[in-house]
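So you can see what is in the structure, the chains are spelled out below.
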Amino acid sequence: MKEEIKSKMVEKEINGTIEDPRLKAITSSIRVVPDFPKPGIMFNDITTLLLQPKVFKDVIDMFVERYKGMRIHAVAGIEARGFIFGPPVALAIEAKFIPLRKPKKLPGEVISEKYVLEYGKDCLEMHVGALEAHERVLIIDDFVATGGTMSAAIRLIERAGGEVVECACLLGLPKFKESCKLNGKPVNVLVECLM
């Protein structure tokens, strides 16, 4: 497996760290849309990345390479774009997928976690019984800015009895690209938010 990964990558050292060459293609495939959804916001649109199968596969492969062998039992994807990256990663690492949904989207009994955003309040829910006690969980989403939604996901998983191993995101603000923790859990961001 390690030989296969090394043969796919030609690593480049930048400032003492190893840079994966796939990151350049991933970064260049993300479109920046100015003033969306409101003036002053530079929206990082990942739909252009999803239109490029090789680059989309590279994103999934990079997550899989990091998490395979970490004894992860479940991948929890945050609605909605965590549903794009979570299931293929879960399948590849032989873990179950747990959707973390907005309120009133899941039938049956749910456990919920409310949280505050800069522009209001929101809530995440998951099915009661989706996790067994002490299962190791990877939380995945497309973007982390303030960490509010991700922190709520961590609290929700922990209240349900799970152990959060790490949080993974395709994009993050610069403070998350370096080694960063939310609620004491490491955050893995592939590329810095584009401006």
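Above this note sits the structure.
Per chain, residues are indexed from 1 in the order of the written sequence. The predicted origin of the model limits local features to residues at a pLDDT of at least 70 and limits the giving and counting of side-chain atom pairs to 80 or more, whereas totals for whole chains, interfaces and linings rest on all residues. Side-chain metrics rest on all non-hydrogen atoms present in the structure, leaving aside hydrogens and water.

Colleague: How should unusual backbone geometry be read in this particular structure?
Modeller: Comment: phi is negative for the bulk of residues other than glycine, and the bulk of peptide bonds are trans. Between phenylalanine 36 and the following residue, proline 37, the backbone shows a cis peptide bond with an omega angle of 0°. A run of H or I in DSSP becomes a helix once it reaches four residues, and a run of E becomes a strand once it reaches two; helices and strands are each numbered from the N terminus. Mapped onto the secondary structure, proline 37 falls in the loop between strand E3 (31-34) and strand E4 (42-45). Phi angles above zero are rare outside glycine, and glutamate 94 is one such case at about 60°. Relative to the helices and strands, glutamate 94 is located in the loop between helix H5 (82-92) and strand E6 (96-100). Three labels apply to residues, based on accessible area from a 1.4 Å probe with only protein chains included: buried if under 20% of the type maximum, exposed if over 50%, partly exposed otherwise in between. We classify glutamate 94 as exposed; its relative accessible area is 73%. Within the chain, histidine 134 stands out as a residue other than glycine whose phi angle is a positive 70°. Structurally, histidine 134 is set in the loop between strand E8 (120-127) and strand E9 (136-144).

Colleague: Even after reading the chapter, I still don't get H5, so can you show me in this structure?
Modeller: It helps to recall that an α-helix has 3.6 residues per turn; residues three or four apart then point in one direction. The complete set of buried residues in H5 reads Gly82, Phe85, Gly86, Val89 and Ala90. Taken around the axis of H5, the buried residues stretch over an arc of 125°, which confines them to a single face. Note on contacts: a residue pair is in contact if any heavy atoms of the two residues lie within 4.5 Å. Looking at the buried side of H5, the elements it contacts are helix H4 (53-67), strand E5 (74-78), E6, E9 and strand E10 (163-172). Residue glutamate 94 follows H5 closely and has a positive phi angle near 60°. The directions considered for the arc are those from the helix axis to the C-beta atoms.

Colleague: I tried to follow the environment of phenylalanine 85 on my own but got confused; where do I start?
Modeller: With respect to the element layout, phenylalanine 85 can be found in helix H5. Taking the relative accessible area as the measure of exposure, phenylalanine 85 reaches 0% and is therefore buried. Separated by 55 residues in sequence, phenylalanine 85 and isoleucine 140 have C-alpha atoms that sit 7.2 Å apart. When sequence neighbours within four positions are dropped, the list of residues in contact with phenylalanine 85 reads Ile46, Phe56, Val59, Ile60, Ile140, Asp142 and Leu170.

Colleague: Got a minute to help me understand the sheet that holds E6 in this structure?
Modeller: Two strands in a sheet stick together by hydrogen bonds in their backbones, pointing the same way (parallel) or opposite ways (antiparallel). Strands were regarded as paired on the criterion that DSSP finds at least two bridges between them. If you trace the six strands from one edge of the open sheet to the other, you get E6-E5-E9-E10-E12-E11, paired in mixed fashion. Edge positions in the sheet fall to E6 and strand E11 (180-182), since each has one partner strand and no second. Adjacent strand axes in the sheet meet at a mean angle of 30°, parallel and antiparallel pairs treated alike. The pairing of E5 with E9 spans four bridges and is parallel. In the strand pairing of E9, glycine 77 is matched with isoleucine 140. For every element, the axis is a line fit to its C-alpha atoms; helices are fit only across the contacting stretch, and the angle between N-to-C directions ranges from 0 to 180 degrees.

Colleague: Just to check I follow, could you spell out the pattern of salt bridges for this structure?
Modeller: Note on pairing: side chains with opposite charge can pair once their charged atoms come close. Salt bridge, as used here: a side-chain nitrogen of Lys or Arg that lies within 4 Å of a carboxyl oxygen of Asp or Glu. Taken as a whole and assessed by the stated rule, the structure comprises 15 salt bridges. The closest approach of N and O atoms between glutamate 79 and arginine 101, which form a salt bridge, is 2.8 Å. Residue glutamate 79 is located in the loop between E5 and H5, and its partner arginine 101 is located in the loop between E6 and strand E7 (110-117); the two are separated by 22 residues in the primary sequence. A relative accessible area of 16% means that glutamate 79 is categorised as buried. Note that arginine 155 and glutamate 113 form a salt bridge whose closest N and O atoms lie 2.9 Å from each other. With arginine 155 in helix H6 (residues 148-159) and glutamate 113 in strand E7, this pair connects stretches of sequence that are 42 residues apart. Note on arginine 155: relative accessible area 29%, which makes it partly exposed. Several salt bridges share partner residues, and in doing so they unite Asp20, Arg22 and Glu65 into one network.

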